[in-house]
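Coordinate analysis (summary)
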Amino acid sequence: MKTTVLFASVIVLAGSLTSCGGGKNVCPDESTPYTVKTKEIFVAADSVKGIPEYTIFEKSQVDLKAFPKDDDNVITIFCGKSLYGWRGYNKDAVPGRWVIDEEENALKFNGSGGGEAQNLDGGDIVFAHKFKNFELSFEWKVAKGSNSGVFVLAQEIKGEPIYISSPEFQILDNANHPDATQGENGNRQAASLYDMIPAKPQNAHPFGEWNKAKITVFKGSVFHEQNGKTVVEYHLWTPKWNELIANSKFKPGGDFPLAYELLTNLGGPEREGYIGFQDHGDDVWYRNIRVKILD
């Protein structure tokens with residue numbers, strides 16, 4: 001398919017660093033120098049494959065050297081002090097409903113009650129750096145009846161939701177949200193590969209309690225861990241992966257015409273992408289968000 005670069009724009013921020021646990025580790029605050037450049041890449045339609053035209057946003061990436069790194073080369077991309085390095089999906093700033101909960105030392109989404117509508121200054125967010133082979137570790141908790149999700153290898157497609165280009169680690173109150181009983185065999189419950197593979201064992205803690213999670217992506221192999229157990233395994237860019245997508249809500253000819261194309265070619269030509277967190281309209285908290293690069 002033919003691609004065309006349409007235009008570029010620039011936004012400039014400037015500022016300082018704040019302490020994050022003392023010593024040599026510091027967290028950049030929101031005013032740390034960071035230039036956001038945006039260009040649009042137009043991809044022509046492919047009538048043979050039934051793929052409509054679409055536009056990819058390519059934005060400049062934040063410098064990981066600005067973030068604290070421990071002796072095991074684990075980078076803290078959110079430590080509870082600032083939202084530097086984060087922005088809205090397809091946006092240049094963090095939507096107002098994503099805030100820092102100082103008591104929990106956490107990133108919190110203040111629920112709008114609008115489900116996937118992402119209204120009232122909401123929307124998904126991404127960390128402004130693309131990763132390829134990595135371990136993402138974090139803790140999460142939800143309010144009663146809450147729903148959210150964590151995305152990896154995401155692309156930014158103009159006018160389209162993040163989940164058509166990225167697998168989702170489901171975040172859910174299994175006991176009180178109806179999505180827990182949808183899909184097949186529990187594949188929409190916490191830590192599942194959403195609508196594809198159920199997390200087994202299903203060991204999520206109840207709402208209001210913290211869960212520990214890890215997503216490992218290495219040369220196409222992906223593992224979900226929840227509370228110390230590996231609960232999901234899958235392998236990208238394989239016939240089995242394509243079959244999983246074809247049997248999900250992202251199937252060819254379904255409600256999301258681009259999804260099958262983007263998910264079967266996950267991460268684009270470079271096989272890399274963004275980490276994202278979902279606004280599903282409900283209260284959710286994330287903390288201790290860390291990445292270890294495995295390249």
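Residues numbered from 1 in each chain as written. Predicted model: local features only at pLDDT ≥ 70, side-chain atom pairs only at ≥ 80, totals over all residues. Heavy atoms only, no water.

Before going further, it helps to spend a moment on the packing of aromatic side chains. Considering all chains together, one arrives at 15 aromatic pairs under this definition. Their ring planes at 20 degrees and their centres at 6.2 Å tell us that phenylalanine 127 and phenylalanine 131 sit as a pair that is stacked. For the pair phenylalanine 127 and phenylalanine 131, a shared accessibility class is recorded, and that class is buried. Each ring, one from phenylalanine 138 and one from phenylalanine 277, has its centre 6.2 Å from the other, and the planes form 85 degrees; the classification is edge-to-face. Here the residue phenylalanine 138 occupies a position in strand 11 (residues 134-142), and phenylalanine 277 occupies one in strand 17 (residues 273-277), the gap between them amounting to 139 residues. (Phe/Tyr/Trp six-rings, centres within 6.5 Å; stacked < 30°, edge-to-face > 60°. Buried < 20%, exposed > 50% of the residue type's maximum accessible area, 1.4 Å probe, protein only. Helix = DSSP H or I, 4+ residues; strand = E, 2+ residues; numbered from the N terminus.)

Here the focus is the sheet that holds strand 10 (residues 125-131). Strand order in the open sheet made by the five strands is 7-10-17-12-13, with antiparallel pairing throughout. Strands with a single pairing partner mark the edges of an open sheet, and in this sheet they are strand 7 (86-88) and strand 13 (168-172). Along the sheet, successive strands turn relative to each other by an average axial angle of 25 degrees, direction set aside. For strand 12 (residues 147-154) and strand 17, the ladder comprises three bridges, and the chain directions are antiparallel. Of the residues in strand 17, the one forming a bridge with phenylalanine 151 is glycine 276. (Pairing = 2+ DSSP bridges. Axes fitted to C-alpha atoms, helices over the stretch in contact; angles between N-to-C directions.)

Once that is clear, we can look at the nonpolar core. The biggest cluster of nonpolar side chains holds 73 residues, and the ones touching the most others in it are Leu136, Phe138, Tyr286 and Ile289. When sequence neighbours within four positions are dropped, the list of residues in contact with isoleucine 289 reads Ile75, Thr76, Ile77, Phe78, Trp86, Leu107, Leu136, Ser137, Phe138 and Phe277. (Core = buried A, V, L, I, M, F, W, Y, C linked by side-chain atoms within 4.5 Å. Contact = heavy atoms within 4.5 Å.)

All right, on to the pattern of salt bridges then. Within this structure, the stated rule accounts for 10 salt bridges. A salt bridge links lysine 59 to aspartate 92; its shortest N-O distance comes to 2.8 Å. Of the two residues, lysine 59 is situated in strand 5 (residues 54-59) and aspartate 92 in the loop between strand 7 and strand 8 (98-101); the sequence distance between them amounts to 33 residues. Overall, lysine 59 belongs to the buried group, its relative accessible area being 8%. Under the relative-accessibility criterion, aspartate 92 is labelled partly exposed at 32%. Residue aspartate 195 pairs with arginine 188 through a salt bridge whose shortest N-O separation is 2.9 Å. Residue aspartate 195 is classed as buried on the basis of its relative accessible area, which comes to 9%. (Salt bridge = Lys/Arg side-chain N within 4 Å of Asp/Glu carboxyl O.)

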